[in-house]
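So the chains spell out like this:
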Amino acid sequence: ARLIQLDPALTARIVSVVNSAAFGGFSKIKSIHQATARLGRTKVRSLVYSCLLKSIFKINSNTLKKHMEELWQHSAYVAALSFVLGRETPGIDPEQALLAGLIHDIGAVAVIGGINNFPVLAEREEVLEYTIASSRLEMGQLTLKQWGLEEELQNVVVNAENWHRTGTAIPENADVVILARLHALIGSRQQTNLPRVDTIPAFSKLAHGELTPHHSLAILEEAEAEVREVRALISAG
């Protein structure tokens with residue numbers, strides 16, 4: 001709490017997030033000390049990361065700005081869906097699931113940032129896309145290692161696009177993010193290449209196998225306002 005209070009704007013954002021309807025269930029929290037006491041260090045830490053991450057998605061290149069903005073919008077949507085699905089899954093910390101959703105493609109952010117220093121790579125769209133696709137996984141792992149988050153989030157970065165990952169019998173953040181990504185891509189140009197939701201192992205693991213395709217969609221449809229609110233909260237600033 002003392003560290004967070006060194007940044008008054010961050011303090012205000014965290015208190016605002018904790019008091020929002022999506023994160024509700026507590027009486028009014030007025031300070032970061034109360035937030036830490038109520039939620040615990042781990043949850044508050046995840047929220048701090050989530051509130052700070054948008055700043056690294058900014059770039060001054062007009063050529064790359066569109067790619068970075070699209071990446072942020074997708075990451076924020078996956079994060080909001082992960083938060084909502086995480087609340088429905090026993091054993092999953094929704095705040096950690098939110099952070100996992102935000103960082104699932106952090107390697108692409110690092111690659112785009114690097115390309116900013118080598119503009120020639122951005123001159124042709126196919127070269128740009130190939131550079132991002134071929135380097136994002138390695139750069140994601142290096143970024144997590146640099147941040148000291150390798151142990152807890154590497155599983156998410158490595159497996160976020162692995163629809164058929166089995167993993168362990170116990171639901172993990174990687175499972176939540178995989179299912180959130182699948183939902184996020186519905187209606188996109190990639191939809192034709194997506195597997196059916198009830199064919200991916202992550203789906204059957206969430207909520208102890210009680211989540212059906214209809215129930216899963218119903219949960220997210222009912223929580224649409226909360227998804228929008230969570231996206232807005234982490235996109236502020």
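Computed from a prediction, not measured in an experiment: that's the story for all the values here. (Residues numbered from 1 in each chain as written. Predicted model: local features only at pLDDT ≥ 70, side-chain atom pairs only at ≥ 80, totals over all residues. Heavy atoms only, no water.)

Chemist: Where do I start with the environment of Ala100 in this structure?
Modeler: Relative to the helices and strands, Ala100 resides in helix α5 (residues 94-103). Considering only alpha carbons, one finds Ala100 and Val157, 57 residues apart in sequence, at a separation of 8.3 Å. (Helix = DSSP H or I, 4+ residues; strand = E, 2+ residues; numbered from the N terminus.)

Chemist: Can you walk me through the side chain of Thr143 in this structure?
Modeler: Mapped onto the elements, Thr143 comes out in helix α7 (residues 125-147). We classify Thr143 as buried; its relative accessible area is 14%. Every residue in contact with Thr143, bar those within four places of it in the chain, is listed here: Ile106 and Ala110. (Buried < 20%, exposed > 50% of the residue type's maximum accessible area, 1.4 Å probe, protein only. Contact = heavy atoms within 4.5 Å.)

Chemist: Would you explain the environment of Arg181 in this entry?
Modeler: When you line up the elements, Arg181 lands in helix α9 (residues 173-185). By relative accessible area, which is 7% here, Arg181 ends up buried. Sequence separation between Arg181 and Ala160 is 21 residues, and the spatial gap between their C-alpha atoms is 7.7 Å. Once residues lying within four places of it in the same chain are set aside, the contact partners of Arg181 are His74, Val78, His104, Ala160, Glu161 and Trp163.

Chemist: Hey, could you run me through the nonpolar core in this one?
Modeler: Among soluble globular proteins, nonpolar side chains are generally buried collectively. In this structure, Ile14, Phe23, Leu47, Leu98, Ile103, Leu153 and Ile200 are the most contacted members of the largest nonpolar core, which totals 73 residues. In terms of residue count, the dominant contributor to this core is helix α4 (residues 62-87) (12 residues). Beyond its immediate stretch of four places on either side in the chain, Ile14 contacts Ile32, Leu47, Val48 and Cys51. (Core = buried A, V, L, I, M, F, W, Y, C linked by side-chain atoms within 4.5 Å.)

Chemist: For this particular structure, what's the right way to read the environment of Ile132?
Modeler: In this structure, Ile132 sits in helix α7. The sequence separation of Ile132 and Ile112 amounts to 20 residues, and the corresponding C-alpha distance is 7.0 Å. Residue contacts for Ile132: discarding those within four places in its chain leaves Ala108, Val111, Ile112 and Ile115.

Chemist: Help me out: how do you make sense of the pattern of salt bridges in this one?
Modeler: Once the charged atoms of two side chains with opposite charge are near each other, the side chains can pair. Enumeration according to the criterion identifies 10 salt bridges in this entry. Glu152 is paired through a salt bridge with Arg45; the nearest N and O atoms lie 3.0 Å apart. A residue pair is termed long-range when its members are at least 10 positions apart, and Glu152 in helix α8 (residues 150-159) and Arg45 in helix α3 (residues 41-52) qualify at 107 residues. Classification of Arg45 by relative accessible area gives partly exposed; the value is 28%. (Salt bridge = Lys/Arg side-chain N within 4 Å of Asp/Glu carboxyl O.)

Chemist: Any chance you could explain helix α1 (residues 8-18) here in plain terms?
Modeler: What sets the pattern is the α-helix's 3.6 residues per turn: residues three or four places apart point alike. Among the residues making up α1, those that are buried are Leu10, Thr11, Ile14, Val15, Val17 and Val18. Each buried residue of α1 sits inside an arc of 160° when the element is viewed along its axis, so together they form one side. In α1, the exposed residues that point more than 90 degrees away from the buried face are Pro8 and Ala9. Structurally, the start of α1 carries an N-cap: the backbone nitrogen of Ala9 is 3.1 Å from a side-chain oxygen of Asp7. (Arc of directions from axis to C-beta. Polar contact = N/O pair within 3.5 Å; in protein donor to acceptor, adjacent residues only side chain to side chain.)

Chemist: Would you mind showing me how to read the side chain of His67 here?
Modeler: Of note, His67 is situated in helix α4. Sequence-distant contacts of His67, defined by excluding residues within four places in its chain, comprise Ile112, Glu125 and Leu128.

Chemist: Sorry if this is basic, but what is going on with the layout of surface pockets here?
Modeler: It is the rolling of a water-molecule-sized probe over the atoms that shows where space remains empty. Considering only enclosed or pocket space, the largest pocket measures out at about 830 Å³ in volume. Around the largest pocket, the lining comprises 27 residues; the ones closest to its centre are Glu70, Leu71, Arg136, Arg189 and Gln190. When residues in the lining of the largest pocket are grouped by element, the largest group, seven residues, is from α4. Taken together, the residues of the lining of the largest pocket sort by class into 10 nonpolar, seven polar and 10 charged. In this model, the second largest pocket occupies a volume close to 300 Å³. In terms of lining residues, the second largest pocket is bounded by Ala1, Arg2, Leu3, Ile4, Leu10, Thr36, Arg41, Val44, Arg45 and Val48. Broken down by element, the residue count for the lining of the second largest pocket peaks at four residues, all from α3. Split by residue class, the lining of the second largest pocket holds six nonpolar, one polar and three charged. (1 Å grid on protein atoms, 1.4 Å probe; cavity = no way out; pocket = protein on both sides within 12 Å on 5 of 7 lines; lining within 4 Å. Points joined across faces, edges and corners; volume = space filled by probe spheres on them. Nonpolar A, V, L, I, M, F, W, Y, C, P; charged D, E, K, R; others polar.)

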